[in-house]
Amino acid sequence: MTELVPMGSPGSDLAEAVALLPALPPADPGDRYAIRHVTVLWLKADKSEHTQRAYYADLAGWLSWCQRTGLDPLQARRADVDAWKLTLTVTGPDGVPRPAAPSTVARTLAGVSSWYRYLQSNDVTERNPVAAAGRPKRERTSPLPALDEKATATLLDHVERRARRAGTETSWRDAALVALLFYTGLRVSGITSAQVDDLDTDSGHTILRYRAKGGRRDFVPLVAPALRPLREYLRLRAEREEPSGPLLATIPHPYDRTKPGGKPLRQRDVWQTLRKLATEAGIPGAAGISPHTARRTTGTLLLAHDVPVQKVQDLLGHADIRTTRDHYDAHRHKLDSSPVHTLAQILADRRGEN
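The rules we used
- Residues numbered from 1 in each chain as written.
- Predicted model: local features only at pLDDT ≥ 70, side-chain atom pairs only at ≥ 80, totals over all residues.
- Heavy atoms only, no water.
- Helix = DSSP H or I, 4+ residues; strand = E, 2+ residues; numbered from the N terminus.
- Buried < 20%, exposed > 50% of the residue type's maximum accessible area, 1.4 Å probe, protein only.
- Contact = heavy atoms within 4.5 Å.
- Areas by Shrake-Rupley, 256 points an atom, 1.4 Å probe, with all protein chains shown as cover.
- Phe/Tyr/Trp six-rings, centres within 6.5 Å; stacked < 30°, edge-to-face > 60°.
- pLDDT = per-residue confidence, 0-100.
- Salt bridge = Lys/Arg side-chain N within 4 Å of Asp/Glu carboxyl O.
- Lys, Arg positive; Asp, Glu negative; His and termini not counted.
- Polar contact = N/O pair within 3.5 Å; in protein donor to acceptor, adjacent residues only side chain to side chain.
- Core = buried A, V, L, I, M, F, W, Y, C linked by side-chain atoms within 4.5 Å.
- Pairing = 2+ DSSP bridges.
- Axes fitted to C-alpha atoms, helices over the stretch in contact; angles between N-to-C directions.

J.: Got a minute to help me understand the overall build of the protein in this structure?
T.: Secondary structure summary: the protein contains 14 helices and five strands in total. Relative to its 354 residues, the protein shows a buried fraction of 40%. The long-range fraction of contacts in the protein, counting pairs at least 24 apart against all pairs at least 6 apart in sequence, stands at 58%. About 19800 Å² of surface is accessible on the protein, with carbon and sulfur atoms providing 53% of the total.

Structure below.
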């Protein structure tokens, strides 16, 4: 990607972050529709913390490019956007920049276009140069991995056996984390932002209320294999303190009193924990596993076992059913499930040849 202006840690003041953005006129405290003030409101409007960070990074990349090329972003045209998107890169694990994937380019353009639309709706600008810019074609398959049934069961068994052996609050929290990821299909932000008070019951089911993409509140039932490690974790936590606040929280440091615990897990904590446990369990490709691996695994396994795509779409919270069908059904084109086998069975009794 192009050089970005860091937004800061979660919960940081958006106004301070927006004040760092380049290529925009200085803030005018006396103008309620000044572009920086409106930009702050754009970031705050119906967006989760994760979305705020992503949109801020997209906008910072565009404005940084505008500053380097001497372009007023309010005077930009489609040709400028087309020139900028050709410069978008990502840095791989080896530290080498590479052209951004089509999905990354499309997401980045969507973020910047959202900003321009918000400015237009507040009469701050008359044009959205991103609106007419060409977008990369949708990828028909996801580059992100999904675990098969055996690997998924192996990982879940490993983390629970590990917790039973250790018997510690930390080990049961990690087991609960992995179970929640794979048995609910929630985005990592939905789990890290969940509170103890979000656990509830409805029609005889234990449910977890969570904040979905875009800030919408939703809920998912918790099945027994997910509840088992979660309840044991909360029981051990209750021996130390009355559980409140984050559903999955950091543990007090045994020697450093400046680290009393009780803070929500960061997304980075989830990544590191998941990869560590997958490595211990001997899962192939453990170093490349992410929380989204669990989410894609959930969708893939359900679709592979003939759960209607609409139900999987609803569980995963996809606005577009094509996302569920194209990116999560890793078995659609596999040999074993190809419809040619069905065709052969249909015609078998009608043909004279064996």
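From this point, things continue past the structure.
J.: Hey, could you run me through the packing of aromatic side chains in this one?
T.: Working definition: an aromatic ring pair is given by the centre-to-centre distance plus the angle between the planes. Going through the model one piece at a time under the given rule, you end up with four aromatic pairs. Considering the side-chain rings of Trp 62 and Trp 65, the 5.7 Å spacing of their centres and the 15° angle between planes classify their relative orientation as stacked. Of this pair, Trp 62 and Trp 65 are both found in helix 3 (residues 49-69), three residues apart, which corresponds to roughly one turn of the helix. Owing to a relative accessible area of 0%, Trp 62 belongs among the buried residues under this scheme. We classify Trp 65 as buried; its relative accessible area is 11%. The structure contains a cluster of three or more aromatic residues connected by ring pairs, namely Trp 62, Trp 65 and Trp 84.

J.: Which parts of the structure should I look at to understand the confidence of the model for the protein?
T.: Should the pLDDT be low somewhere, the predicted coordinates at that spot are not to be read in detail. Across the protein, pLDDT averages 85, with 83% of residues at or above 70. Here residues 1-5 is a poorly scored stretch, pLDDT under 50, and it has 23 contacts once near neighbours within four places are set aside; other chains count. The low-confidence segment residues 8-12, where pLDDT is below 50, has four contacts with residues more than four positions distant or belonging to other chains.

J.: Just checking my understanding: could you explain helix 2 (residues 35-44) for this structure?
T.: Each full turn of the α-helix corresponds to 3.6 residues, which orients residues three or four apart in the same direction. Across the 10 residues that make up helix 2, a large majority, seven, are buried. Of all the positions in helix 2, only Ile 35, Arg 36, Val 38, Thr 39, Val 40, Trp 42 and Leu 43 are classed as buried.

J.: Quick question: what am I supposed to make of the pattern of salt bridges here?
T.: Pairing between side chains of opposite charge can happen when the charged atoms of each approach one another. Counted according to the given criterion, the structure contains 17 salt bridges. One salt bridge connects Arg 107 with Asp 58, and the closest N-O pair in it is separated by 3.0 Å. Remark: Asp 58 occurs in helix 3 and Arg 107 occurs in helix 5 (residues 102-121); sequence separation between them is 49 residues. Residue Arg 209 pairs with Asp 200 through a salt bridge whose shortest N-O separation is 3.2 Å. Using a relative accessible area of 29% as the deciding quantity, one classes Arg 209 as partly exposed. Overall, the relative accessible area of 32% leaves Asp 200 in the partly exposed class. Several salt bridges share partner residues, and in doing so they unite Arg 162, Arg 173, Asp 174 and Glu 280 into one network.

J.: So what exactly am I meant to see when it comes to the side chain of Arg 36 here?
T.: Position of Arg 36 among the secondary structure elements: in helix 2. For the buried Arg 36, no salt bridge is present, and the opposite-charge side chain at shortest range is Asp 72, 11 Å distant. A polar side-chain atom of Arg 36 sits 2.8 Å from the main-chain carbonyl oxygen of Val 18. Other than its neighbours up to four places away in sequence, Arg 36 contacts Val 18, Ala 19, Leu 20, Leu 21, Leu 24, Pro 25, Pro 26 and Ala 27.

J.: Would you mind showing me how to read the nonpolar core here?
T.: What tends to happen in soluble globular proteins is that the nonpolar side chains get buried as a cluster. Ranked by size, the top nonpolar core spans 43 residues in total, and within it Leu 155, Phe 182 and Leu 248 carry the most contacts. Examining the composition of this core, we find that nine residues originate from one element, helix 7 (residues 169-184), more than from any other. Those residues in contact with Leu 155 that lie beyond four places of it in its chain are Leu 147, Val 178, Phe 182, Leu 274, Leu 277, Ala 278, Ala 281 and Ile 283. Of all hydrophobic cores here, the second largest spans 31 residues; its members include Ala 60, Leu 71, Leu 119 and Ala 133.

J.: Quick question: what am I supposed to make of the pairing of strand 4 (residues 205-211) here?
T.: A regular strand places its side chains on the two faces of the sheet in alternate fashion. Looking at chain direction, strand 3 (residues 199-202) and strand 4 are connected through four bridges and run antiparallel. In the strand pairing of strand 4, Asp 202 is matched with His 205. In this structure, the hairpin formed by strand 3 and strand 4 is closed by a connection of two residues, where Ser 203 is found at a positive phi of approximately 55°. Counting the residues that bridge the hairpin from strand 4 to strand 5 (residues 217-221) gives five residues, and of these Gly 214 lies at a positive phi of roughly 85°.

J.: Help me out: how do you make sense of the pairing of strand 5 in this one?
T.: As judged from the five bridges shared by strand 4 and strand 5, these two strands associate in the antiparallel manner. By the bridge assignment, Leu 208 is partnered in strand 5 with Val 220.

J.: Got a minute to help me understand unusual backbone geometry in this structure?
T.: Keep in mind that most residues, glycine aside, have a negative phi and that most peptide bonds are trans. The backbone of Ala 23 shows a phi angle near 70°, a positive value even though the residue is not glycine. Checked against the element boundaries, Ala 23 lands in the loop between helix 1 (14-19) and helix 2. Positive phi, normally seen in glycine, also occurs at Asp 123, with a value near 60°. Relative to the helices and strands, Asp 123 is located in the loop between helix 5 and helix 6 (149-166). Its relative accessible area of 72% is what places Asp 123 among the exposed residues.

J.: Explain the sheet that holds strand 4 to me, please; I cannot follow it from the model alone.
T.: The strand order 3-4-5 describes an open sheet built from three strands, whose pairing is antiparallel. With partners counted over all chains shown, the strands left at the sheet margins are strand 3 and strand 5, one partner each. This sheet shows a mean twist of 40° between the axes of neighbouring strands, independent of strand direction.

J.: Would you explain the environment of Ala 23 in this entry?
T.: Judged by relative accessible area, Ala 23 falls into the partly exposed class, the value being 25%. Sequence separation between Ala 23 and Leu 63 is 40 residues, and the spatial gap between their C-alpha atoms is 5.7 Å. Residue contacts for Ala 23: discarding those within four places in its chain leaves Leu 63, Cys 66, Gln 67 and Pro 73.

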